[in-house]
Amino acid sequence: MHRRSFIGAASATAAASAFGTFGIIGRASAQTLTLNGASQFDDSHPYTMAMQRFAELVQKYYGKPINFVIHKNSALGLEKQYVEYMAQGRAVDFAVASPAHMSTFSRSAPFIDAPFLFRDLAHWNKVLDQDLFKPIADDIAAKAGVMLIGYGGGGVRNIFATKPVTNLAEMKGLKVRVQGAPIWSKTFAAAGMAPTVIAYNEVYNAIQNGVIEAGENEAAGVEQMKFYEVAPQLNMTQHAITIRPLCFSAKTFKGLPKDLQDAVVRAGKEAATYGREVESGGDGKRLETLEAAGKLKRITFTDRDAMKKLVDPVMAAYAKEIGAEGILAKINAI
């Protein structure tokens, strides 16, 4: 499979037509470049909405014929696969992906989205506005071949579980699914939980079958994946605020004409900002709606400060290990 296709090439099946061979731009005026995006979610999810806005803005700023195909509902796998495809320059040209899935390429990548990095949404916004993660973004681009062209996210992450958890004592030994980056397992273990890495699309069944008791996610994910059906207790740990970069394949980018490159960079930043507004603005409303419908119950967690104190040394050691001490200090100083 190749990363781009042209209208006018022989049309095959819907899946195959998305991945035709990319030729020299301008070789045939009738040919129109197609860029392929991928999302785990449907049209109503903020990540998909940000990608759709990106496509619209690129078309606006480029001003020439160009097509976009966004493969939704995990049609091309999960975010981990999207990162791998973008790194290889095939199948996926752009996607929203968790920095945790970039850890195999860049050890510093998961720092962008680590637990207890931000005090609140206002702090989170200020950090992003100051572009403090640029050194890490540069490292990801160099080592993974994946460009971070904008920062989306904004959902506050909490622990959904089969039982209420109000304090650290009740949290002790909780079997919880975490993202694949080691920093997530280390921080959750430091807080007394028993973290385990499970593929995102297997979390529902893992809870249903008693393999784990809990997971952690923002409101949009809890709603979209229906985690509330198997774990209706939403324990308000507020342990992280998501940063989900809008990513673009560096290999694809290098093959684009300069005016299209400029459009991609400009549109990426604006579309990700739009995604942040959609997610952060709708986060609380989603939970209110789910709770009003009796689908979940929000549980007050009283030991957030104590949990953070347990996690802080792990975060400091991680920052030192990856050479991000200066970035951490700047984030804390804001």
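Some remarks on the overall build of the protein chain
Argument step 1. For the protein chain, the helix and strand inventory stands at 13 helices and ten strands.
Argument step 2. Against the compact-globule benchmark of 20 Å for 334 residues, the protein chain has a radius of gyration of 20 Å, which places it among compact chains.
Argument step 3. Across its three principal axes, the protein chain shows a C-alpha extent of roughly 65 × 45 × 30 Å.
Argument step 4. Within the protein chain, buried positions represent 53% of all 334 residues.

Thoughts on the packing of aromatic side chains
Aromatic ring pairs: the centre-centre distance and the angle between the two ring planes describe each pair.
Argument step 1. This structure, assessed with the given rule, holds 14 aromatic pairs.
Argument step 2. Ring geometry for F41 and Y200: centres 6.3 Å apart, planes at 85 degrees, overall edge-to-face. Taken as a pair, F41 in the loop between strand 2 (32-38) and helix 2 (46-62) and Y200 in the loop between strand 7 (194-197) and helix 8 (203-208) lie far apart in primary sequence, 159 residues in all. A single burial state applies to F41 and to Y200, both of which are buried.
Argument step 3. Ring centres 5.8 Å apart and planes at 85 degrees place the aromatic pair Y200 and F227 in the edge-to-face group. Taken together, the residues span a long stretch of sequence, with Y200 in the loop between strand 7 and helix 8 and F227 in the loop between helix 9 (219-225) and strand 9 (233-249) at a distance of 27 residues.
Argument step 4. Within the aromatic cluster, the residues linked to one another by ring pairs are F41, Y47, F160, Y200 and F227.
Argument step 5. Over the aromatic face of Y274 sits the side chain of R53, whose NZ or CZ is 3.8 Å from the ring centroid.
Argument step 6. The ring of Y61 carries the charged tip of R266 above its face, separated from the ring centre by 3.7 Å.

Description of empty space enclosed by the protein
Space left empty within the atom packing is revealed by a probe, the size of a water molecule, rolled over the atoms.
Argument step 1. Here the structure, examined in full by the defined rule, presents two cavities of 30 Å³ or more.
Argument step 2. Space inside the largest cavity adds up to approximately 60 Å³.
Argument step 3. What lines the largest cavity is a set of 13 residues, among which A50, V96, G152, G153 and R244 lie closest to the centre.
Argument step 4. Looking at the lining of the largest cavity, the elements that each hand over two or more residues are helix 2, strand 5 (146-161), strand 9 and helix 11 (258-292).
Argument step 5. As for the second largest cavity, its lining consists of A38, S39, Q40, F41, Y47, E79, Y82 and V96.
Argument step 6. Residues that form the lining of the second largest cavity fall into these classes: five nonpolar, two polar and one charged.

Structural notes on the packing of helix 7 (residues 182-190) against helix 12 (residues 304-322)
Argument step 1. Across the interface, helix 7 lies against helix 12 with an axial gap of 8 Å and an inter-helix angle of 155 degrees. Classified by the interaxial angle, the pair formed by helix 7 and helix 12 is roughly antiparallel. Crossing angle aside, the handedness with which helix 7 passes helix 12 is right-handed. Between helix 7 and helix 12, the residues in contact are I183, K186, T187 and A190 and L310, V311, V314, M315, Y318 and E321, respectively.
Argument step 2. The residue inventory of the contact of helix 7 with helix 12, partitioned by class, reads seven nonpolar, one polar and two charged.

Some remarks on the confidence of the model for the protein chain
Argument step 1. A residue-level look at the protein chain finds 91% of positions with pLDDT of 70 or above and a mean pLDDT of 91.
Argument step 2. Note on residues 1-30: pLDDT under 50 across the span, and 60 contacts to partners over four residues away in sequence or across chains.

Reading guide: rules and limits
Residues numbered from 1 in each chain as written. Predicted model: local features only at pLDDT ≥ 70, side-chain atom pairs only at ≥ 80, totals over all residues. Heavy atoms only, no water. Helix = DSSP H or I, 4+ residues; strand = E, 2+ residues; numbered from the N terminus. Rg over C-alpha atoms; globule rule 2.2 N^0.38 Å. Buried < 20%, exposed > 50% of the residue type's maximum accessible area, 1.4 Å probe, protein only. Phe/Tyr/Trp six-rings, centres within 6.5 Å; stacked < 30°, edge-to-face > 60°. Lys NZ or Arg CZ within 6 Å of the ring centre and 35° of its normal. 1 Å grid on protein atoms, 1.4 Å probe; cavity = no way out; pocket = protein on both sides within 12 Å on 5 of 7 lines; lining within 4 Å. Points joined across faces, edges and corners; volume = space filled by probe spheres on them. Nonpolar A, V, L, I, M, F, W, Y, C, P; charged D, E, K, R; others polar. Axes fitted to C-alpha atoms, helices over the stretch in contact; angles between N-to-C directions. Parallel < 35°, antiparallel > 145°, perpendicular 65-115°, else oblique. Left-handed = near helix turned anticlockwise from the far one by under 90°. Contact = heavy atoms within 4.5 Å. pLDDT = per-residue confidence, 0-100.

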